[in-house]
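Structural description and commentary
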Amino acid sequence: MTDLYPAKILDKKHLAEAQVLLAIDVPREVWSGHIYHSQYVSLVLPDMEPWHGTIACRPGYESLEIHVKDVGERSARISALEPGDELQVTTPMGDGFPILGHRSVNVILGAAGVAICAMRPLIQEIMLARGDWRRVMLFYGERTADRFSYIDERQDWKEMNIEIFLTASQPSLGTSWMGQSGYVQDYLLELWPDVGDTVAFVAGKDDMVTDFTHALYRLGMPPNSIMLNI
Ligand SMILES: Cc1cc2nc3c(=O)[nH]c(=O)nc-3n(C[C@H](O)[C@H](O)[C@H](O)COP(=O)(O)OP(=O)(O)OC[C@H]3O[C@@H](n4cnc5c(N)ncnc54)[C@H](O)[C@@H]3O)c2cc1C
């Protein structure tokens, strides 16, 4: 285990069904190591194995945001933290997504479930200098309508000309859904965007990442234009 640093919950927002966004106050040793988009940290509570979370905000802040989906014992404990609660955190790890090395191109972002948190830092970066990237398409899948997060922020994303394509894979299990049904990779193939001069960033569970990547190949993207994270 790498060194641990003291941290404190600053703020907590409800994002969607069983999902919260925690803002965490961390010391300089931690935030100064947040260099790449979508790196991750380990969060540690007493009597609990370290829990990995992707940093859901772009680098450049003196705090971290972590999007937690409550799916099991550790994520339930992290989700239950409240402002003022203390924990320990590692420095940021992983190579993240090299968005800054790919400007003046079209961008395809593909995420399913909580992995949308790995796309948010990229979107925040693109919004800072929107003219530096061309067409930006976000494919975001959830199982049901009530699981889509960042409802308010998505409006800002759209206003910055980020095209958002939502799809629910099992809409009948949740609240009413009038949008696209199925998997993100099928939606991508249905739209069949031009992938000339395009870079793609993909995050999600293994099956989704594999299937979305294969869909990008079918569109004609070369492997070295497809970046994977979690
Ligand atoms: C590099 C990295 C970054 C990660 N970033 C995040 C993040 O930003 N936010 C986040 O919420 N999680 C993230 N995870 C996953 C997280 O670390 C835990 O693995 C997850 O929360 C399950 O831990 P748990 O102890 O609560 O549940 P466990 O007891 O380990 O698992 C409980 C059950 O939930 C299932 N499960 C695990 N993950 C999911 C999921 N995403 N959706 C549905 N079911 C699931 C498991 O298969 C198991 O059946 C990341 C993992 C890695 C390796």
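Scoring rules and cut-offs
- Residues numbered from 1 in each chain as written.
- Predicted model: local features only at pLDDT ≥ 70, side-chain atom pairs only at ≥ 80, totals over all residues.
- Helix = DSSP H or I, 4+ residues; strand = E, 2+ residues; numbered from the N terminus.
- Rg over C-alpha atoms; globule rule 2.2 N^0.38 Å.
- Buried ≥ 20, exposed ≤ 12 C-beta atoms within 10 Å, placed from the backbone.
- Pairing = 2+ DSSP bridges.
- Right-handed = clockwise from strand over helix to strand, strands pointing away.
- Core = buried A, V, L, I, M, F, W, Y, C linked by C-beta atoms within 7 Å.
- Domains from an automatic or database assignment.
- Contact = placed C-beta atoms within 7 Å.
- Axes fitted to C-alpha atoms, helices over the stretch in contact; angles between N-to-C directions.
- Expected span 1.5 Å × (residues − 1).
- Parallel < 35°, antiparallel > 145°, perpendicular 65-115°, else oblique.
- Nonpolar A, V, L, I, M, F, W, Y, C, P; charged D, E, K, R; others polar.

**With respect to the overall build of the protein chain**
Scanning the protein chain from terminus to terminus reveals six helices and twelve strands. For 230 residues, the compact-globule estimate of 2.2 N^0.38 gives 17 Å, and the protein chain sits close to it at 17 Å. Within the protein chain, the fraction of its 230 residues that count as buried is 40%.

**Considering the pairing of strand β7 (residues 106–112)**
Buried residues dominate β7, accounting for six of its seven residues. Bridging between β7 and strand β11 (residues 198–203) involves six bridges; their strand directions are parallel. Each bridged residue has a counterpart across the sheet, and for G110 the counterpart in β11 is V202. Crossover β7 to strand β8 (residues 136–142) through helix α3 (residues 116–128) is right-handed.

**So, the nonpolar core**
Judged by nonpolar contacts, the single largest core of 62 residues is most densely connected at L109, A111 and M119. Take this core: its biggest share by element is seven residues, from α3. If you count residues domain by domain, this core takes at least three from each of domain 1 (5–89) and domain 2 (99–228).

**Some points on the sheet that holds β8**
The strands making up a sheet are joined through hydrogen bonds of the backbone, oriented either antiparallel or parallel. Taken in spatial order, the six strands line up as β10-β9-β8-β7-β11-β12 in an open sheet, and their pairing is parallel. A strand with exactly one partner marks an edge of an open sheet, and here the two such strands are β10 (180–181) and β12 (226–228). Summarising the sheet, β11 and β12 pair through three bridges and their orientation is parallel. By the bridge assignment for β12, A200 is matched with I226.

**So, the pairing of β11**
Of all six residues making up β11, six are buried, and the element is well covered by its neighbours. What you see with β11 is no split at all: T198, A200 and V202 on one side and V199, F201 and A203 on the other are buried throughout. Considered for its hand, the β-α-β crossover made up of β11, helix α6 (residues 206–219) and β12 is right-handed.

**Side note on unusual backbone geometry**
Phi at S38 is positive, roughly 70 degrees, even though this residue is not glycine. Mapping S38 onto the fold places it in the loop between α1 (28–31) and β3 (40–44). Residues other than glycine seldom take positive phi values, yet W192 does so here, at roughly 45 degrees. Among the secondary structure elements, W192 is positioned in the loop between α5 (184–191) and β11. W192 gets classed as exposed once you count the C-beta atoms within 10 Å, which come to 11.

**Digging into the domain arrangement of the protein chain**
When cut into domains, the protein chain gives domain 1 (5–89) and domain 2 (99–228). Put simply, the middle of domain 1 and the middle of domain 2, counted by C-alpha atoms, are 23 Å apart. Contacts between domain 1 and domain 2 engage 13 residues on the former and 14 residues on the latter. Put simply, the parts of the chain that give the side of domain 1 that touches domain 2 at least two residues each are β1 (5–16) and β5 (63–69).

**Side note on the sheet that holds strand β4 (residues 51–54)**
With antiparallel pairing, the six strands of this open sheet are ordered in space as β4-β3-β6-β1-β2-β5. In this open sheet, the two strands that pair with only one neighbour each are β4 and β5. Within this sheet the neighbouring strands show an average axis-to-axis angle of 40 degrees, counted without direction. Here β1 runs beside strand β2 (residues 19–25); their pairing, made up of seven bridges, is antiparallel. Looking at the pairing, K13 lines up with L21 of β2.

**Notes on α3**
The end-to-end C-alpha distance of α3, which contains 13 residues, comes to 19 Å, matching closely the 18 Å that a straight helix rising 1.5 Å per residue would cover. In terms of burial, α3 is largely enclosed, as ten of its 13 residues are buried. Residues I116, C117, A118, M119, R120, P121, L122, I123, Q124 and I126 constitute the buried set of α3.

**Side note on the packing of α5 against α6**
α6 packs onto α5 with a crossing angle of 10 degrees between their chain directions and a minimal axis gap of 8 Å. Considered as vectors, α5 and α6 are oriented roughly parallel to each other. Every residue of α6 that contacts α5 at V184, Q185, L188 and L189 is listed here: M208, D211, F212, A215 and R218. In terms of residue class, the contact of α5 with α6 is built from six nonpolar, one polar and two charged.

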